[in-house]
Amino acid sequence: YGGMGLDFSYSIAVAEELGNIRCGGVPMAIGVQSGMATPALTRFGSEELKKQFLVPTIAGDFVACLGVSEAGAGSDVANIKTTAVRKGNEYVVNGGKMWITSRSQADWMCLLANTSEGPPHQNKSLICLPMNLPGIHVAKKIDKLGMRSLDTAQIFFEDVRVPCKNLIGEEGNGFTYQMLQFQEERLWGVANALAQMETIIQETIDYTRQRKVFGRPVLHNQTVHFRLAELAAEVELLRSLLYRTVALYVEGNDVTKFASMAKLKMGRLAREVTDSCLQFWGGMGFTTEVLMSRFYRDSRLMSIGGGSDETMLSIICKYMDILPRK
């Protein structure tokens, strides 16, 4: 389909390298295209769908977006309200989606919608939805605290008709497909965050080495250089967890627990790194003139997007048999 036929570990290598981009929004837009909106289509889509949507997306001729979150259902995916009712050879879509990355540019959406009245984990389907169909309305482009270069919008669907052949895989399996898609998304996000955190730590070392307070460099205070060393150690520990998880995933194992642990640690560590480092920048860190403040704002999303910290903890608890599995 135009790709290189490599395994998922290569996507992680790319995600790590994209972390060297000096903002969060650009790599995330790329990640949505390559690792969040397309895995289910690649794994479960028909040959016709792959030729129509996957081939031009891999070529870069199409921009893809993922339609899961709603105003009343973010991390609680089972509670989405958008419906796709089958009428003849078409689905009629009604509802809305929130926090949609690349919507204003997207050519198609990997849409999760309720296609029946059954149990919430068995009534959902994924559909390739062209974004030029009548009845699709962009309510507004969302003004955000961070990730400001990222095109994020709210969308409404009003009697949008899409061919039933655009269904990805089997009807009713959409929740399962999306959970699998989430694993790749979360691991991709962890990999992307590693280089960003390393950059912030290194820039803080460079800045505190030349910034003097009370006649000596800030870096020469033990509390400063010990803290930076501690943060660097935490980043390396997260990298080890990521690599172990990816290796297991490539071998075909269920890595839900480890991926959730990595996602949880990534969100919390990103906040810890940026908060600690910004403190050492002093007043300059509170300005928009330095990368430090941008990463402070951008990284706050990491504990929310792609499944909140609380959602990750719930998943981990279930796999540890602390809570009953559903």
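Everything numeric in this text was worked out from a predicted model, so none of it was measured.

### Here's the deal with the UniProt feature "domain: Acyl-CoA dehydrogenase/oxidase C-terminal" (unreviewed entry) in the protein chain
The residues that UniProt annotates with the feature "domain: Acyl-CoA dehydrogenase/oxidase C-terminal" (unreviewed entry) are residues 172-318. Secondary structure content for residues 172-318 is 75% helix and 3% strand, while the C-alpha to C-alpha distance between its ends is 23 Å.

### Side note on the domain arrangement of the protein chain
Accessible area lost upon the coming together of the parts serves often as the stated size of an interface. When the domains of the protein chain are assigned, the result is domain 1 (37-170) and domain 2 (176-320). If you average the C-alpha positions of domain 1 and of domain 2, the two centres end up 29 Å apart. Tallying the contact residues gives 20 residues for domain 1 and 16 residues for domain 2. Ranking the residues of domain 1 by area buried against domain 2 places Arg43, Ser75 and Met147 at the top, with a combined share of 33%. One can count one salt bridge joining domain 1 with domain 2.

### A closer look at the pattern of salt bridges
Close approach of charged atoms allows side chains of opposite charge to pair. Under the criterion given, the structure shown has 16 salt bridges. Note that Lys97 is salt-bridged to Glu70, the shortest N-O span being 2.9 Å. Of this pair, Lys97 sits in strand β3 (residues 90-101) while Glu70 sits in the loop between β1 (64-67) and β2 (83-87), placing them 27 residues apart in sequence. The salt bridge partner of Asp309 is Arg268, with a shortest N-O separation of 3.6 Å. In this pair, Asp309 is assigned in helix α9 (residues 309-319) and Arg268 in helix α7 (residues 256-281), connecting sequence segments 41 residues apart. Residue class for Arg268 comes out partly exposed when judged on its relative accessible area of 43%. Here the salt bridges do not stand alone but share partners, grouping Glu16, Glu198, Glu236 and Arg239 into one network.

### Notes on the layout of surface pockets
Quantified by volume, the second largest pocket comes out at close to 870 Å³. Considering the residues around the second largest pocket, the lining is formed by 24 residues, among which Gly3, Leu6, Ser11, Ser34 and Ile58 are closest to the centre. Tallied by class, residues from the lining of the second largest pocket come to eleven nonpolar, ten polar and three charged.

Reading the values: rules and limits
- Residues numbered from 1 in each chain as written.
- Predicted model: local features only at pLDDT ≥ 70, side-chain atom pairs only at ≥ 80, totals over all residues.
- Heavy atoms only, no water.
- UniProt positions renumbered as here; feature names shortened; annotations may be inferred.
- Helix = DSSP H or I, 4+ residues; strand = E, 2+ residues; numbered from the N terminus.
- Domains from an automatic or database assignment.
- Contact = heavy atoms within 4.5 Å.
- Buried area = accessible area lost by both parts, 1.4 Å probe.
- Salt bridge = Lys/Arg side-chain N within 4 Å of Asp/Glu carboxyl O.
- Buried < 20%, exposed > 50% of the residue type's maximum accessible area, 1.4 Å probe, protein only.
- 1 Å grid on protein atoms, 1.4 Å probe; cavity = no way out; pocket = protein on both sides within 12 Å on 5 of 7 lines; lining within 4 Å.
- Points joined across faces, edges and corners; volume = space filled by probe spheres on them.
- Nonpolar A, V, L, I, M, F, W, Y, C, P; charged D, E, K, R; others polar.

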